[in-house]
Amino acid sequence: MTSSDFTTSTERPLLERVSVIANDRVLSGVSLVALHAPRVAATARPGNFVHLRITDRTDVLLRRPFSVHRATGDTVELLYQVLGPGTRLMAEMRVGDETDIIGPLGRGFSAPEDLAHALVVAGGLGAAPLGMLAERLSARGTAVTVALGAPNAERLVARETFESVARRVEVATDDGSAGHHGYVTELVERLIAEDTPGMVYACGPEPMSRTVAEIASAAGVRCEVSLERLMACGVGACLTCVVQTTEGLRRACKEGPVFDAAEVLW
Amino acid sequence: MTSSDFTTSTERPLLERVSVIANDRVLSGVSLVALHAPRVAATARPGNFVHLRITDRTDVLLRRPFSVHRATGDTVELLYQVLGPGTRLMAEMRVGDETDIIGPLGRGFSAPEDLAHALVVAGGLGAAPLGMLAERLSARGTAVTVALGAPNAERLVARETFESVARRVEVATDDGSAGHHGYVTELVERLIAEDTPGMVYACGPEPMSRTVAEIASAAGVRCEVSLERLMACGVGACLTCVVQTTEGLRRACKEGPVFDAAEVLW
Amino acid sequence: MSSPVDLRVSIAGLELRNPVMTASGTFASGKEYSDFVDLSRLGALVTKGVSLTPWAGNESPRMAETPSGMLNSIGLQNPGVESFVEVDLAWLAAQDVPVIVNVSGHSIDEYRAVAERLESEDAVSALEVNISCPNVDAGGMAFGTDCAQAAEVTAAVRRVTRKPVIVKLSPNVTDVAAIARSVEAEGADAVSLVNTLLGMAIDAHAFKPKLGRVVGGLSGPAIKPVALRMVWQVARAVSIPVIGMGGIMSGEDAVEFMLAGATAVAVGTANFVDPTATIRVIDGIAGFCRAHGIARAADLIGALRVG
Amino acid sequence: MSSPVDLRVSIAGLELRNPVMTASGTFASGKEYSDFVDLSRLGALVTKGVSLTPWAGNESPRMAETPSGMLNSIGLQNPGVESFVEVDLAWLAAQDVPVIVNVSGHSIDEYRAVAERLESEDAVSALEVNISCPNVDAGGMAFGTDCAQAAEVTAAVRRVTRKPVIVKLSPNVTDVAAIARSVEAEGADAVSLVNTLLGMAIDAHAFKPKLGRVVGGLSGPAIKPVALRMVWQVARAVSIPVIGMGGIMSGEDAVEFMLAGATAVAVGTANFVDPTATIRVIDGIAGFCRAHGIARAADLIGALRVG
Ligand SMILES: Cc1cc2nc3c(=O)[nH]c(=O)nc-3n(C[C@H](O)[C@H](O)[C@H](O)COP(=O)(O)OP(=O)(O)OC[C@H]3O[C@@H](n4cnc5c(N)ncnc54)[C@H](O)[C@@H]3O)c2cc1C
Ligand SMILES: Cc1cc2nc3c(=O)[nH]c(=O)nc-3n(C[C@H](O)[C@H](O)[C@H](O)COP(=O)(O)OP(=O)(O)OC[C@H]3O[C@@H](n4cnc5c(N)ncnc54)[C@H](O)[C@@H]3O)c2cc1C
Ligand SMILES: Cc1cc2nc3c(=O)[nH]c(=O)nc-3n(C[C@H](O)[C@H](O)[C@H](O)COP(=O)(O)O)c2cc1C
Ligand SMILES: Cc1cc2nc3c(=O)[nH]c(=O)nc-3n(C[C@H](O)[C@H](O)[C@H](O)COP(=O)(O)O)c2cc1C
Ligand code: FES
Ligand code: FES
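This one's a predicted model, so the numbers in the text were calculated from it and none came from an experiment.

The rules behind these values
Residues numbered from 1 in each chain as written. Chains lettered and ligands numbered in written order. Predicted model: local features only at pLDDT ≥ 70, side-chain atom pairs only at ≥ 80, totals over all residues. Heavy atoms only, no water. Contact = heavy atoms within 4.5 Å. Buried area = accessible area lost by both parts, 1.4 Å probe. Salt bridge = Lys/Arg side-chain N within 4 Å of Asp/Glu carboxyl O. Polar contact = N/O pair within 3.5 Å; in protein donor to acceptor, adjacent residues only side chain to side chain. Near = heavy atom within 4 Å. Areas by Shrake-Rupley, 256 points an atom, 1.4 Å probe, with all protein chains shown as cover. Helix = DSSP H or I, 4+ residues; strand = E, 2+ residues; numbered from the N terminus. Nonpolar A, V, L, I, M, F, W, Y, C, P; charged D, E, K, R; others polar. Phe/Tyr/Trp six-rings, centres within 6.5 Å; stacked < 30°, edge-to-face > 60°. Buried < 20%, exposed > 50% of the residue type's maximum accessible area, 1.4 Å probe, protein only. Lys NZ or Arg CZ within 6 Å of the ring centre and 35° of its normal. Pairing = 2+ DSSP bridges. Axes fitted to C-alpha atoms, helices over the stretch in contact; angles between N-to-C directions. Parallel < 35°, antiparallel > 145°, perpendicular 65-115°, else oblique. Left-handed = near helix turned anticlockwise from the far one by under 90°.

Participant: Would you mind showing me how to read the interface of chain A and chain C here?
Facilitator: Quite often, the size of an interface is put as the accessible area lost when its parts meet. With 27 residues of chain A at the contact, the number on the chain C side is 30 residues. Both faces considered, chain A and chain C share a buried interface measuring about 2400 Å² in area, 62% of it formed by carbon and sulfur atoms. Looking at the side of chain A facing chain C, the largest losses of area belong to Leu61, Leu62 and Leu239 of chain A, adding up to 24% of the total buried there. Along the contact surface separating chain A from chain C lie three salt bridges. Of the charged contacts in the structure, one is a salt bridge between Glu65 of chain C and Arg64 of chain A, with a shortest N-O distance of 2.6 Å. At the surface where chain A touches chain C, the tally comes to eight residue pairs in polar contact (both at pLDDT 80 or more).

Participant: Even after reading the chapter, I still don't get the site of ligand 1, so can you show me in this structure?
Facilitator: Residues and elements named next belong to chain A. Taken together, 20 residues sit near ligand 1, with Pro65, Leu79, Gln81, Gly86 and Thr87 positioned nearest. The backbone of Ser67 places a nitrogen or oxygen atom 3.0 Å from a nitrogen atom of ligand 1. Burial of ligand 1 by the protein chains amounts to 78% of its free accessible area of 830 Å². Looking at the shell around ligand 1 element by element, the count peaks at four residues for strand E4 (residues 64–67). Looking at the shell around ligand 1, its residues break down into twelve nonpolar, five polar and three charged.

Participant: Sorry if this is basic, but what is going on with the packing of aromatic side chains here?
Facilitator: Aromatic ring pairs: the centre-centre distance and the angle between the two ring planes describe each pair. Summed over all chains, the structure comprises twelve aromatic pairs over all chains. Measuring from ring centre to ring centre gives 6.2 Å for Phe66 of chain B and Tyr80 of chain B, while their planes differ by 70°; the resulting arrangement is edge-to-face. Linking Phe66 of chain B in strand E4 (residues 64–67) with Tyr80 of chain B in strand E6 (residues 75–81), this pair joins segments that are 14 residues apart in sequence. The residues Phe66 of chain B and Tyr80 of chain B share a single accessibility class, namely buried. Ring centres of Tyr111 of chain C and Phe143 of chain C lie 5.4 Å apart, and the angle between their planes is 85°; on these two criteria the pair is classed as edge-to-face. Here Tyr111 of chain C, found in helix H2 (residues 108–119), pairs with Phe143 of chain C, found in the loop between strand E8 (126–130) and helix H3 (147–160); they are 32 residues apart in sequence, far enough to count as distant. Side by side, Tyr111 of chain C and Phe143 of chain C carry an identical accessibility label, which is buried. Taken together, the aromatic side chains of Phe27, Tyr33 and Phe36 of chain C make up a single cluster linked through ring pairs. Lying across the ring of Trp232 of chain C, Arg236 of chain C places its NZ or CZ 3.7 Å from the centre.

Participant: What exactly am I supposed to notice about the site of ligand 4 here?
Facilitator: All names here are of chain D. Near ligand 4, the surroundings consist of 22 residues, among which Ser24, Lys168, Gly220, Gly247 and Thr269 are the closest. Here Gly247 contributes a backbone N or O atom positioned 2.7 Å from an oxygen atom of ligand 4. Burial of ligand 4 by the protein chains amounts to 99% of its free accessible area of 600 Å². Tallied by class, the residues present in the shell around ligand 4 amount to five nonpolar, 15 polar and two charged.

Participant: What exactly am I supposed to notice about the pairing of strand E6 (residues 69–72) of chain C here?
Facilitator: Sheet faces and side chains relate simply in a regular strand, where the side chains alternate between the two faces. Residues and elements named next belong to chain C. Burial along E6 is two-sided: the face carrying Gly69 and Leu71 and the face carrying Met70 and Asn72 are both buried. Linkage of strand E5 (residues 63–66) to E6, two consecutive antiparallel strands, is achieved through a turn of two residues, within which Ser68 is found at a positive phi near 60°. Pairing geometry for E6 and strand E14 (residues 215–219), over three bridges, is antiparallel. Counted as the bridge partner of Asn72 is Gly217 from E14.

Participant: Just to check I follow, could you spell out the interface of chain C and chain D for this structure?
Facilitator: Between chain C and chain D, the contact holds 44 residues from the first and 44 residues from the second. Considering only the surface of chain C that becomes buried against chain D, Met200, Ile202 and Phe207 of chain C emerge as the three largest contributors, covering 19% of it. For the interface between chain C and chain D, the tally reads zero salt bridges. Taken together, chain C and chain D are joined by twelve residue pairs in polar contact (both at pLDDT 80 or more). Going through the elements one at a time, strand E11 (197–200), strand E13 (208–209), E14, helix H5 (224–237) and helix H6 (251–259) of chain C are the ones with two or more residues in the side of chain C that touches chain D.

Participant: Can you walk me through the sheet that holds strand E2 (residues 30–36) of chain A in this structure?
Facilitator: Working definition: the strands of a sheet are paired by backbone hydrogen bonds and lie parallel or antiparallel to each other. Residue and element names in this part refer to chain A. Across the sheet, which stays open at both edges, the seven strands sit in the order E4-E3-E7-E1-E2-E6-E5 with antiparallel pairing between neighbours. Each of the sheet's edge strands pairs with one partner strand only, and the pair in question is E4 and strand E5 (70–72). Neighbour to neighbour, the strand axes of the sheet diverge by 35° on average, direction disregarded. The pairing of strand E1 (residues 14–27) with E2 spans seven bridges and is classified as antiparallel. Pairing of Leu27 across the sheet is with Val30, part of E2. Strands in contact with helix H3 (residues 127–139) are E4, E5 and strand E6 (75–81); relative to E5, the strand with the most contacts, it is inclined by about 50°.

Participant: Got a minute to help me understand the packing of helix H5 (residues 185–194) of chain A against helix H6 (residues 206–218) of chain A in this structure?
Facilitator: Helix-helix packing: each pair is described by the crossing angle between the helix axes and the interaxial distance. Residue and element names in this part refer to chain A. Across the interface, H5 lies against H6 with an axial gap of 10 Å and an inter-helix angle of 20°. Comparing their axes, H6 and H5 come out roughly parallel. Note on packing geometry: the crossing formed by H5 with H6 is right-handed. Side by side, H5 and H6 meet where Thr185, Val188, Glu189 and Ile192 of the first sit next to Met208, Thr211, Val212, Ile215 and Ala216 of the second. When its residues are assigned to classes, the contact of H5 with H6 shows six nonpolar, two polar and one charged.

Participant: Mind showing me how you'd approach the pairing of strand E2 (residues 30–36) of chain B here?
Facilitator: Residue and element names in this part refer to chain B. The buried count for E2 comes to five of seven residues, which makes it a mostly enclosed element. Taking the residues between adjacent antiparallel strands as the criterion, strand E1 (residues 14–27) and E2 are bridged by two residues, where Gly29 takes a positive phi near 85°. As paired elements, E2 and E6 share seven bridges and run antiparallel to each other. Pairing of Val30 across the sheet is with Gln81, part of E6.

Participant: Would you mind showing me how to read unusual backbone geometry here?
Facilitator: In most cases, non-glycine residues show a negative phi, while peptide bonds are predominantly trans. Cis geometry marks the peptide bond from Gly103 of chain B to Pro104 of chain B, where omega comes out at -10°. Here Pro104 of chain B lies in strand E7 (residues 98–105). Across the junction of Ser60 of chain D and Pro61 of chain D, the peptide omega takes the value -5°, indicating a cis bond. For Pro61 of chain D, the position within the fold is in the loop between strand E4 (45–46) and strand E5 (63–66). Even without a glycine there, the phi angle at Leu239 of chain B is positive, about 60°. Relative to the elements of secondary structure, Leu239 of chain B occurs in the loop between strand E13 (222–226) and strand E14 (242–245). Overall, the relative accessible area of 16% leaves Leu239 of chain B in the buried class. One non-glycine residue with positive phi stands out, namely Ala12 of chain C, at about 50°. Assignment of secondary structure puts Ala12 of chain C in the loop between strand E1 (9–11) and strand E2 (14–16). With a relative accessible area of 30%, Ala12 of chain C lands in the partly exposed category.

Next comes the structure, spelled out in structure tokens:
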């Protein structure tokens, strides 16, 4: 059940025992894990994340934060890239394995009720939080245009998800193996000009998000970005994850990870 | 291929990549793991041990030493008790899992060629190294009597192995649920008196081994005991595992784990 | 989960329900964790470090994971004592838990000023004077690594407060017992240790330190052996109570610190791994006592059998 | 496995094939590990500590595993320098590897006497003076935690030997850089660090310490962040070469120490986990250099990009 403005999460975060329903490779180095997590699934909003306990090993001590890629019924899906020790162990999780997550966490995307058209810009794994956003937006009648970027055609993440819900999906690849030959940011200017959206949402490498934010502000369109920081607690207690904003230091795990681009001091 | 005197190991220890063939519970808290380890299997002697890498986790950093319970063909069997973090992980090893072992290590049991009759005294997991000893002794024609002790009938370890190779197996349980009601050491005196063996071999809790050694020396029978010490390197380099002997401090992993009982300063 | 075991301990006249506190800086002022923990079950809540004026803390990245531990270089970011009193303390006053405020300063004057400001606040049960933060240049650890300076800070705070004064010691010293004795001599009511060990992590492939500040404080299970040793040394060197911490993840870990001489313990990094860690530790201590037929947790204090 | 990368480094005129040594006390005199390692591939072999007279070491248990680390309390058990020369050194002389003898003493006289005895032994390439063993009561760490005493031991050994003198520093100090400067001033040709951190482990259910000696030295991955930080501090404080160690398990770990300023590294506890660890580390350093297009491993020394 989506509320009109996603950010007004009615629930507080909780610690939920979960089990692995599926954990499959979607492309080399990227997998999707589906967790049986009814309570978090019911309350997660687009842009929220969960703090996942990957293992009880103390040599990989801390939880790892992952955006909610999709939340349907009793299931929470996480789309993740295998980078280091934590995500390597995560890729080894077997169906039936049990662990726990803290969630839903953080401030999600905001979406004015009267939003007619939204532009969603995803770079690489930035697609993770945007999948759910695109779904929920179109589900409540907002037209969604997606600009999806990757190094090459093979690495276009969650393209199907977007195509199934978006009115229009444009892709860009660094090597030109699919869509526009170049950066996804190069599509944004044109897409905004052709059909100015009420909001732009961006998630990806920080330089990409920053460029999108600049283009949006030049076009006078409000823009929200989802930022990543290393996170220890994930709940707002340790001040590991701070982001410099016009409002001062803000916690990515609490006042973020989604920020109004205009407030971020890049 | 057993040499007449087991201790004259012709080979030097080696690091062998192994895979798990089987890993099954034999009684509550005790399991038997079979490893495909052709090179170590070919050279292991009764009383030798292997230093097992259980995991690549650094939070359970060190190898763990285990006596060779049986070595047949390409297979090395370890009989182990689940006590702490290492053996708990060991019990989770699945068939096909790969790891490595260092072995064969340590000084094994000695067995004079003309040894007509041997008494083997096992307390609890002390049965681990003695299984192979009993097998090899009877294989080359030495009559073997086994005294096996445990808290109760259920916890009599490797009884079948001993019964299949020994001329005679007597058991003792603390609760009398099988055999003699009392300590296994109480059998030893009678067994030696009835049919004096040429050698007594003991492995078990140190107080048990000590008592056996005292009874044997009183009867003028030579006795060897296998002792346990915490071991870091397992190869003789770190001096973690020293035992006080009449010859001074000796390394359980190198000059032991089998010692002439007369040399041990208990 | 009430248990027949008497878990109460007392520190400098402060009666605690049980020996388990939160470690400063790992639990903020409790609000965030109140989603997971019934704060009224805690022995005490120790706040994040509070200074006189707002501190911005250090640049990002502020943490790095290490084998069985983590490095942090937060740098005592905090809004200053005024805002702390208005916002955090106001909220804490409504919670049923003893509040210990962790006091920071760049100078002896700042430590004193913070203590003075808090003296009139009834919601504050005790002060923990942090002379051991490895993450600030001026003050912080400097005061905790020199007996004379440690004594001076203690005396300055002691003069302006009637509340129990706990001095938090640094493990980055040659002789922690000597520092403990010097603060005891100046009227500290208790000492807490250890703060983090100064450490460093490097991203080899980037040829760069992992922390924006280059060095940071090591915490977690990795440091438990060092922390236990220091608690044991200090407990035998002073007659005031010792609050032990460093890598406590379970009730058994906590019991180890108490056997080594700690009257109470604090749980820090473990909160990040399991937000309910404090409760698990409390229940774990009770379970240990039950299993060993110990009626009062206080009987564990210094009960280690040596030699 | 020869590689196009030039791995050579030199320490006080000592030319090493590569920067990887064995850490004293974890490799004995190499004989046991020669079953697994071609000793001629090592940069240098550092022996177990050698004293003038035979030492019996400490009572058992002598080790305890800790999260990502281990405690040891061996206590420098060794047969004394005469037996060392007759047995170990005679064997080592036949091996194609530079030998660095780790020198221990209960007194300055004993350090000097051991150094004097070894001076005439051509098989000894250098001395590593261990003023940092936490496992002996007299001498050992005491000398390594005080600048004046550290300087005195260094001067005493310096006076009687022409061989390169490496002084092994203790991490159990407030200011490791100060100790390093004081031994440099007395003619140390290099410093090696870190020795083990003094720690303790408790078996709660037995109410007993896990080590016979109660306290012991912490080593392994757990201490790497502290070791890296100290190597970085010392490398910037002295102009003599630094040999870095503490938790090195892989080539990448070794590279981190070199980036922090170490000219060479030593592998200790890792040998227990993998008897071929030293070789893996050597190959790992070469692999790292190849991957980053670095022609000489020496170019890694102090190459950390800070700020
Ligand atoms: C709010 C939030 C949401 C996220 N959502 C996703 C997601 O949906 N899918 C996904 O694949 N990843 C996501 N990440 C990043 C993910 O948390 C990290 O990739 C993961 O923690 C890496 O752990 P590791 O042990 O495998 O690698 P590590 O060894 O911890 O790190 C490997 C590399 O990744 C970097 N890294 C580690 N943690 C983070 C982090 N928290 N943020 C950014 N970079 C990091 C490290 O600096 C290092 O360069 C998210 C991060 C945040 C803060
Ligand atoms: C030469 C030798 C041969 C051995 N053979 C066998 C065998 O065949 N089967 C078997 O089950 N066990 C054997 N052991 C003991 C076995 O090595 C330990 O039980 C194991 O290492 C425990 O590891 P853990 O992590 O599970 O428990 P830990 O947490 O390491 O220890 C749990 C308990 O076991 C004790 N312990 C740990 N290591 C040893 C050790 N090396 N020796 C004695 N006690 C120890 C600890 O003190 C503690 O009380 C042998 C030990 C040695 C030295
Ligand atoms: C993120 C973080 C922030 C901390 N902030 C403070 C602080 O503000 N004041 C303080 O005295 N100690 C601070 N500490 C130290 C802890 O209180 C504690 O002494 C240390 O982490 C060891 O305990 P642990 O291993 O259980 O975490 C902090 C530790 C961490 C990990
Ligand atoms: C079992 C053991 C014995 C040691 N003996 C000595 C010694 O005799 N002399 C010495 O200077 N250091 C000794 N050390 C310290 C190591 O040389 C090294 O400084 C320390 O272990 C850190 O390195 P690591 O983490 O790679 O083991 C010993 C360490 C261990 C684990
Ligand atoms: S991760 Fe702890 S405050 Fe954000
Ligand atoms: S375990 Fe290292 S010498 Fe025996």
